[in-house]
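The chain contents come next:
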Amino acid sequence: MAHVKIGFAPTRRSIFSAPDAVKYANLTREKLRELSVEFVDIEDISEDGLLHSEKDRIRIQEKFKEEGIDGLFFPHTNFGTEYEVARLAKALNVPVLLWGPRDERPDEQGIRLRDSQCGLFATGKVLRRFQVPFTYLCNCRLEDEAFARGIFNFLAVCNVVKAFRRTRILQIGPRPFDFWSTMCNEGELLERFQIQLAPVPLPELTAELKRAREEGTETAKVLAYCKAHFHIAVTEEELEKIAALKVAIGRLAKKYGCNGAAIQCWNALQEEIGIMPCAANSLLNEEGFPVVCETDIHGAVTAILCEAAGMDEARSFFADWTVRHPDNENGELLQHCGPWPISCASCKPTIGYPLAFDHPGAVAAEAKHGEMTLCRFDGDNGEYSLLLGRAKGIDGPYTKGTYVWIEVENLKRLEAKLVEGPYIHHCVGIHRDVVPVLYEACKYLGIRPDLYDNDEEEVKAWIRGE
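Please read all numbers here as calculations on a predicted model, not as lab measurements. (Residues numbered from 1 in each chain as written. Predicted model: local features only at pLDDT ≥ 70, side-chain atom pairs only at ≥ 80, totals over all residues. Heavy atoms only, no water.)

**Here we look at unusual backbone geometry**
Here Trp266 and Asn267 are connected by a cis peptide whose omega angle stands at 0 degrees. In this fold, Asn267 is placed in the loop between β9 (260–263) and α10 (268–273). Omega for the bond connecting Gly421 with Pro422 falls within 30 degrees of zero, at 15 degrees, which places this linkage in the cis form. Its location among the elements puts Pro422 in the loop between α13 (411–420) and β18 (426–430). One non-glycine residue, Asn454, lies in the positive phi region at around 60 degrees. Locating Asn454 in the fold gives a position in the loop between β19 (448–451) and α15 (456–464). The exposure class of Asn454 is exposed, given its relative accessible area of 60%. (Helix = DSSP H or I, 4+ residues; strand = E, 2+ residues; numbered from the N terminus. Buried < 20%, exposed > 50% of the residue type's maximum accessible area, 1.4 Å probe, protein only.)

**Looking at the packing of aromatic side chains**
Inspection of the entire model under this criterion finds 16 aromatic pairs. Taken together, a centroid distance of 6.3 Å and an interplanar angle of 90 degrees make the contact between Phe177 and Trp180 edge-to-face. This pair shows no difference in class: Phe177 is exposed, exactly as Trp180 is. Between Trp266 and Phe357, the aromatic rings sit 5.6 Å apart at their centres with planes inclined by 50 degrees, giving tilted as the arrangement. Of this pair, Trp266 sits in the loop between β9 and α10 while Phe357 sits in the loop between β13 (350–352) and β14 (362–366), and the two are 91 residues apart along the sequence. Judged on exposure class, the residue Trp266 and its partner Phe357 are both buried. (Phe/Tyr/Trp six-rings, centres within 6.5 Å; stacked < 30°, edge-to-face > 60°.)

**Quick notes on the sheet that holds strand β1 (residues 6–8)**
Strand order across the open sheet formed by five strands is β2-β1-β3-β4-β5, with parallel pairing between neighbours. The sheet is open, and its two borders are formed by β2 (39–40) and β5 (135–136), each paired with just one other strand. One ladder, built from two bridges, connects strand β4 (residues 96–99) with β5; its direction is parallel. Bridge pairing links Leu98 to Tyr136 in β5. On top of the sheet, helix α1 (residues 18–34) reaches β1, β2, β3 (71–75) and β4; it is set at about 155 degrees to β1, its chief contact. Packed on one face of the sheet, helix α4 (residues 116–129) meets β4 and β5 and runs near 155 degrees to β4. (Pairing = 2+ DSSP bridges. Contact = heavy atoms within 4.5 Å. Axes fitted to C-alpha atoms, helices over the stretch in contact; angles between N-to-C directions.)

Dropping the structure here:
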């Protein structure tokens, strides 16, 4: 599971009950520990463990930076000090969660102790003035299901933002000539999103593959793993090349500090080494290092986002939208030559030959059915968005490669979005519902969420805690 650490900065304002603010801050601490949330506290800085003074805010900021927090949580345990919240959030530039506990009824004299909700209204406005994006979990009790749900959704959002901001893609070879659809603007990705590419030519890969075969130890381990987890329909020499290719890509990724890869995959590579890279990609994908096909840089970014949204607990798969289901009007085939991780498979996969090529080295298996999220980060003409929505696996005819037939709510609406763009025929899927996570993360990434189910209000309501 992903490691996410948040800065915990409960806040109060002086004219409301300080003892009650301290009480609710401590209750919130206890709840976070109960939920096994890792957080950095401020009790060693602020005398009452609450954010409300500039002197404390400066020291809290220094501590949170040193600790490398991934997000900020501001419980408003009474009205709160909105400008200190905004100053701290602006300085740290991480996702922000606002929440306050439900206020009790006024006492017999009509006195209200906290006015937490009112303070949240003020803080939201000041954060907007500071141009700080934030996530809002509506006023609720610590015991409400909405609180735990909101906390975990926010942790996943923090994980997505962290992964996106440190993305460096290993680009193995240029895109295939015929794939104009996978071209990307490297300079713009760096300027807009700090996404870096680490381009390596195919000869650098083949040289690393040769070293992996000569050294043998790592390759032998991968070879044994393949024999234990796949049906093998290639020769021993071909399988050994597949294992060595997996080792070689992994070494290059480590050398250049990458968290994902996009490989040319055809046809020059086959002429150099005599195999398809699909099975090697599958092995790396299973380890949580996304590798996508046809040098699709935007596809690699999508896979990184998707796995981070699932808190790195489930593997994603890279697919083509291919053909309509022969019997289901909202059904579609997702398929690729064979790069999908084995944990996505519904049966023991086979390493053999792909559908459209003569060289060995592809994986064949139908993926598991069930609920899934499908998404695609893409852009053109300076505008970027994230297409996302839900699907479910359904029965359909057998086909070669790694594949699954899926059903969506309205395929024609989705089909029009894919054609009209800025998307292409590639997507990434994961057997998790991460739509609310990815939708909320977009506000921190500077990209537009594009829900193909047309259910934006439902997603926003879920995030709010409804």
